[in-house]
Amino acid sequence: METYPLPERPEEAITHLINALQHSGELRHFASGAPIPARPENIVVIERGSLSMHRVMDSLTMIESTRPQLLGITYNNQFSQHFTIKAESACEARIVPRSEFEAIIEAQQLWRELLQVVSWYYDVLYWKSYHFLGRQSYTLIRNCLIELAAKDEQERDEINACDFIRGKTNLSQSYILKVFSDLRKGDYIDISRGRLKTINKLPERY
């Protein structure tokens, strides 16, 4: 259905890095909806919970994650001016000073794992650019539906498909719902109570 699949997450490398940091920094709890601080002097290790990253200028959703994650491993002192990170559920996060993080990476020789994770981040960025930049409105909706369909059923059942697409594209609700209606009439998708159940082969054009 999609010739350019989402890059495979390097689970083993992420697990190694998180385990190496499990006794470092400060463990903090964030309620659902709370901002998660991302500062250049710290690494944020998300141990439990889901989060999303948004562009400040228009609140566009850039990334969402429901699995353990490392944030801030690529240094950028302007990140917090342009992006915010929000807990989408109750989260446990470990705030590790960058100097401590780098010392642990050096002491345990985890540079290979770190490179794998950084490379994966860039691969995901390329994937998103390929699917979402410079696209027609319907193509954006189509790509969002494919991305949503790739999630496991339990996670998908908790996501309103229209809200998911609006957050990623800033398209109007009325246009998205019109496309949904037409796709349902053509038996291309099955949506029930706003939740995407299945998609068949979506048309390339609308």
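An account of the accompanying structure is given in this report. What you see as residue numbers is a count from 1 along each chain, following the sequence as written. Per-residue local features of the predicted model are confined to residues with pLDDT of at least 70, and side-chain atom pairs are confined, for both listing and counting, to 80 or more; whole-chain, interface and lining totals are unaffected and use all residues. Side-chain metrics in this entry use all non-hydrogen atoms of the structure; hydrogen atoms and water are not considered.

Moving on: the pairing of strand E8 (residues 189–192). Taken residue by residue, a regular strand's side chains alternate between the two faces of the sheet. On E8, burial follows the alternation: Ile189 and Ile191 on one face are buried, whereas Asp190 and Ser192 on the facing-out side are not. Direction of pairing for E8 relative to strand E9 (residues 195–199): antiparallel, over a ladder of four bridges. Looking at the pairing, Ile189 lines up with Ile199 of E9. Between E8 and the antiparallel strand that follows it, E9, lie two residues; Arg193 among them carries a positive phi value of about 55 degrees. Exposure categories follow from relative accessible area, calculated using a 1.4 Å probe and restricted to protein chains: below 20% of the type maximum is buried, above 50% is exposed, and the middle band is partly exposed. Runs of H or I in DSSP of at least four residues are treated as helices and runs of E of at least two as strands, each being numbered from the N terminus. For two strands to count as paired, DSSP must find a minimum of two bridges between them.

On to the packing of helix H5 (residues 137–149) against helix H7 (residues 161–169). Packed helices, taken two at a time, are described by the angle between their axes plus the distance between the axes. Angular values range over 0 to 180 degrees, each being the angle between N-to-C directions of two axes fitted as lines to C-alpha atoms, with helices fitted over their stretch in contact. Between H5 and H7, the least distance of the axes is 10 Å, while the angle of their chain directions is 120 degrees. As the angle between them shows, H5 and H7 are arranged oblique. Considering only the axes of H5 and H7, their crossing is right-handed. Residues Leu140, Ile141, Cys144, Leu145, Glu147 and Leu148 of H5 touch H7, and the partners they reach there are Ala161, Phe164, Ile165, Lys168 and Thr169. When residues are sorted by character, Ala, Val, Leu, Ile, Met, Phe, Trp, Tyr, Cys and Pro go into the nonpolar class, Asp, Glu, Lys and Arg into the charged class, and all the rest, Gly among them, into the polar class. When the residues that make up the contact of H5 with H7 are grouped by side-chain class, the tally is eight nonpolar, one polar and two charged. These descriptions rest on fixed angle ranges, namely under 35 degrees for roughly parallel, over 145 for roughly antiparallel, 65 to 115 for roughly perpendicular, and the rest for oblique. The sense of a crossing depends on the near helix, which, turned anticlockwise from the far helix by less than a right angle, makes the crossing left-handed and, turned clockwise, makes it right-handed. Any two residues having at least one pair of non-hydrogen atoms within 4.5 Å are treated as being in contact.

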